[in-house]
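Chain by chain, the residues run as shown.
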Amino acid sequence: MTEIIGVRFQNVGKIYYFDPDGAKLNLGDRVIVETARGVECGEVSLVNREIEESEAPQPLKKLIRVATREDLDRLAENAAKEKSAFQICCRKIEAHKLEMKLVNVEYTFDHSKILFYFTADGRVDFRELVKDLAAVFRTRIELRQIGVRDEAKMVGGLGICGRPFCCASFLSGFQPVSIKMAKEQGLSLNPVKISGACGRLMCCLKYEQEAYADLLRSTPPVGSLVSTPEGRGVVNEVNLLTGVLQIHLEGSTDGATRPFRVKQVRVLRAGRGKKLSQDELNRLKELEKG
């Protein structure tokens, strides 16, 4: 067994394992550790615990120290410098007439590098911009192009539900979300209603998908020919959560449907459900991109 602590470097970022080197730490403690980017200051998200040696990353780097007052002062200083660097970079982007949007600026703890995160519709030739920024800041410069979902996670905001974005609140990573999920959950396939502020499918479509997938296995789709206690009929409407089917019975002359529970019917021929046109599919597929 190996003793580890879990450290985060962003509010809702990935947790990385480190060797506590004998120190007993509390949740929320600030610590100084060595990462692939150099020396960084992070926050303890998992307190001391033992895991199987095979589960620990190799090599498991040791804790350097618990953050001191001087370390915390440096963090505050870095935050102030990041705001200034953001403004400078925006002016340089405008001067070079580059089609890109600056999202965030991040100093490494030891000032060995400055990272500029941006979004753009395509590839951007920012070589001259990097030279300009290096001349101003006299340190290593790295520009990283990110997606619109990553932008939403960094910037934050409120979703259509009125709550803070899931990605900026508790999701440490993005799960694949597809149009199939929205369709199976019976949601409107209007892009405006199923996409988040980032313009991509809402992450919350993933939360209940397993429950819907389980219900779909036992529920006949629209268009199915079924046998009911009152005769044969065709399924016109399905409510997965209540388990109620609206069925048009054979021989009915008024066109009305009758409600039946799923357990009351037997499928004679499964339907194919509602189909979308190719244009609708192409438009909706754009929302699946990360």
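Before reading on, note that the structure itself is shown above.
These lines cover the structure that appears in this document, whether it is placed above or below.

Rules behind the numbers
Residues numbered from 1 in each chain as written. Predicted model: local features only at pLDDT ≥ 70, side-chain atom pairs only at ≥ 80, totals over all residues. Heavy atoms only, no water. Phe/Tyr/Trp six-rings, centres within 6.5 Å; stacked < 30°, edge-to-face > 60°. Buried < 20%, exposed > 50% of the residue type's maximum accessible area, 1.4 Å probe, protein only. Core = buried A, V, L, I, M, F, W, Y, C linked by side-chain atoms within 4.5 Å. Helix = DSSP H or I, 4+ residues; strand = E, 2+ residues; numbered from the N terminus. Contact = heavy atoms within 4.5 Å. Pairing = 2+ DSSP bridges. Axes fitted to C-alpha atoms, helices over the stretch in contact; angles between N-to-C directions. 1 Å grid on protein atoms, 1.4 Å probe; cavity = no way out; pocket = protein on both sides within 12 Å on 5 of 7 lines; lining within 4 Å. Points joined across faces, edges and corners; volume = space filled by probe spheres on them. Nonpolar A, V, L, I, M, F, W, Y, C, P; charged D, E, K, R; others polar. Left-handed = near helix turned anticlockwise from the far one by under 90°.

As for the packing of aromatic side chains
The way to describe two aromatic rings as a pair is by their centre distance and the angle between their planes.
Next up, step 1: Evaluation of the coordinates by the stated rule reveals five aromatic pairs.
Next up, step 2: Judged by centre distance (5.9 Å) and plane angle (50°), the ring pair of F9 and Y16 falls under tilted.
Next up, step 3: Residue Y16 is classed as partly exposed on the basis of its relative accessible area of 40%.
Next up, step 4: With a centroid separation of 6.3 Å and 80° between ring planes, the pair formed by F9 and F18 is classed as edge-to-face.

Some words on the nonpolar core
Next up, step 1: In terms of nonpolar packing, the biggest core is built from 18 residues, with M100, F116, L133, F137 and L143 touching the most fellow members.
Next up, step 2: Sorting elements by how many residues they give to this core places helix α1 (residues 69–95) first, with four residues.
Next up, step 3: The residues touching L143, leaving out its near neighbours within four places in the chain, are M100, F116, F118, F126, L129, V130 and L133.
Next up, step 4: Core analysis: the second largest hydrophobic core is formed by nine residues, V177, I179, M181 and L287 among them.

A short note on unusual backbone geometry
Next up, step 1: Here the bond from Q58 into P59 is cis, since omega is -5°, no more than 30 degrees from zero.
Next up, step 2: With a phi close to 55°, D21 is a non-glycine residue in the positive phi region.
Next up, step 3: In this fold, D21 is placed in the loop between β2 (15–18) and β3 (30–35).
Next up, step 4: Phi angles above zero are rare outside glycine, and R138 is one such case at about 55°.
Next up, step 5: Within the secondary structure, R138 is located in the loop between α2 (127–137) and β8 (140–145).

So, the sheet that holds strand β12 (residues 258–261)
Next up, step 1: The strand order across the open sheet formed by five strands is β12-β11-β10-β9-β13, and the pairing between neighbours is antiparallel. If you trace the sheet from one side to the other, it starts and ends with β12 and β13 (266–269), each paired once. Across this sheet, the average inter-strand angle for adjacent strands is 50°, counted without regard to direction.
Next up, step 2: Two elements, strand β9 (residues 225–228) and β13, share three bridges in a ladder whose sense is antiparallel.

Some words on the environment of I179
Next up, step 1: Mapped onto the secondary structure, I179 falls in helix α5 (residues 179–184).
Next up, step 2: Under the relative-accessibility criterion, I179 is labelled buried at 7%.
Next up, step 3: Separated by 26 residues in the primary sequence, I179 and L205 place their C-alpha atoms 9.3 Å from one another.

Some thoughts on the layout of surface pockets
Next up, step 1: When its volume is computed, the largest pocket comes out at roughly 1600 Å³.
Next up, step 2: Considering the residues around the largest pocket, the lining is formed by 46 residues, among which R8, F9, Q10, N11 and E106 are closest to the centre.
Next up, step 3: Elements represented by at least two residues in the lining of the largest pocket include exactly β2, β3, β4 (38–51), α1, β6 (101–107), α3 (148–155) and α4 (166–169).
Next up, step 4: Per-element tally for the lining of the largest pocket: the top contributor is β4, with five residues.
Next up, step 5: The class makeup of the residues in the lining of the largest pocket is 22 nonpolar, eleven polar and 13 charged.

Focus: the packing of α1 against α2
Relative orientation and spacing of two packed helices are given, respectively, by the angle between their axes and the distance between those axes.
Next up, step 1: Running from N to C, α1 and α2 point in directions that differ by 145°, and their axes come no closer than 10 Å. The handedness of the crossing between α1 and α2 comes out as right-handed. From α1, A85, I88, C89, K92 and I93 reach across to α2, where they touch L129, D132, L133, V136 and F137.
Next up, step 2: The residue makeup of the contact of α1 with α2, split by class, is eight nonpolar, no polar and two charged.

Brief notes about the pairing of strand β7 (residues 113–119)
Next up, step 1: The buried count for β7 comes to seven of seven residues, which makes it a mostly enclosed element.
Next up, step 2: With burial as the criterion, each face of β7 is covered, one bearing K113, L115, Y117 and T119 and the other bearing I114, F116 and F118.
Next up, step 3: Two elements, β6 and β7, share six bridges in a ladder whose sense is antiparallel. By the bridge assignment, Y107 is partnered in β7 with I114.
Next up, step 4: A loop of five residues connects β6 with β7, the two strands running antiparallel in sequence, and H111 in this loop sits at a positive phi of about 65°.

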